[in-house]
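A closer look at the structure
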Amino acid sequence: MTQDNGELDGLVRKRIRALRVAQGWSLEELASRARVSQSTLSRIENGQRRLALDQLVTLARALDTSLDQLVETASDDVVFSPMIDAAHGLMRWPVRAEPGMTVVRQRMTDPPPDSPARLRAHPGREWLVVLSGTAVLLLGNRRFRVETNQAAEFPTMLPHAIGAEGGPCEILGIFDRDARRGHQRGEDSGRP
């Protein structure tokens, strides 16, 4: 989808106002944080002042967002289907917000490995949410029970493994690019 400059201009102005309102900030408060006058901010939001790049950068910082997110255009691809990896029992969704991020849904039935030699370490970071059941996260020499609706986040440079406890569990894992690569190498070599 292409947007002309008028549509993008209006979209950015709406985002600035929506982000300000979502934070519960008045015009005065955001203007103070962005170091612009309240009247300038009001004219920016209402389309009575042109959008200048330097002001957009300042407003993005004040709103705790990036310039990219502030000017991002709408996408036609809002809903998409997962890639199915039947060999490993996984569904994968790429996350567009961060290049290389992947979301994986996995049903686990096996407990975590009982041998420290089977723990893996690799660059990256992982997040997981237990959708049902109870998962066990082995992280170095520590053991964590992660129950339904609980989440865990950890650097994957620590030796780690995940398994089920007391029956099957289903997890939703989010992997940054490095963590995804580390797991793909492990899958290719036949390691769990």
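Thresholds, definitions, all that
- Residues numbered from 1 in each chain as written.
- Predicted model: local features only at pLDDT ≥ 70, side-chain atom pairs only at ≥ 80, totals over all residues.
- Heavy atoms only, no water.
- Helix = DSSP H or I, 4+ residues; strand = E, 2+ residues; numbered from the N terminus.
- Buried < 20%, exposed > 50% of the residue type's maximum accessible area, 1.4 Å probe, protein only.
- Contact = heavy atoms within 4.5 Å.
- Areas by Shrake-Rupley, 256 points an atom, 1.4 Å probe, with all protein chains shown as cover.
- pLDDT = per-residue confidence, 0-100.
- Arc of directions from axis to C-beta.
- Core = buried A, V, L, I, M, F, W, Y, C linked by side-chain atoms within 4.5 Å.

Helix and strand counts for the protein chain stand at six helices and nine strands. The 192 residues of the protein chain split such that 33% are buried. The long-range fraction of contacts in the protein chain, counting pairs at least 24 apart against all pairs at least 6 apart in sequence, stands at 62%. Summed over its atoms, the accessible surface of the protein chain is roughly 11,700 Å², and 50% of this surface lies on carbon and sulfur atoms.

Another point: the confidence of the model for the protein chain. Confidence in the prediction for the protein chain averages 80 pLDDT; 81% of positions are at 70 or higher. With pLDDT under 50 throughout, residues 188-192 is counted as low confidence; its partners more than four residues away or in other chains account for five contacts.

With that settled, the discussion passes to helix α3 (residues 38-46). Here α3 has its buried residues at Thr40, Leu41, Ile44 and Glu45. End-on, the buried residues of α3 take up no more than an arc of 130°, which puts them together on one face. Positioned one or two residues after α3, Gly47 has a phi angle of 80°, which is positive.

Moving on: the nonpolar core. The biggest cluster of nonpolar side chains holds 15 residues, and the ones touching the most others in it are Val12, Ile16, Leu30, Leu41, Leu56, Leu59 and Leu70. Breaking this core down by element, the ones donating at least two residues are α1 (5-23), α2 (27-34), α3 and α4 (53-62). Ignoring sequence-local partners within four residues, the contact set of Val12 consists of Leu51, Leu56, Leu70 and Val71.

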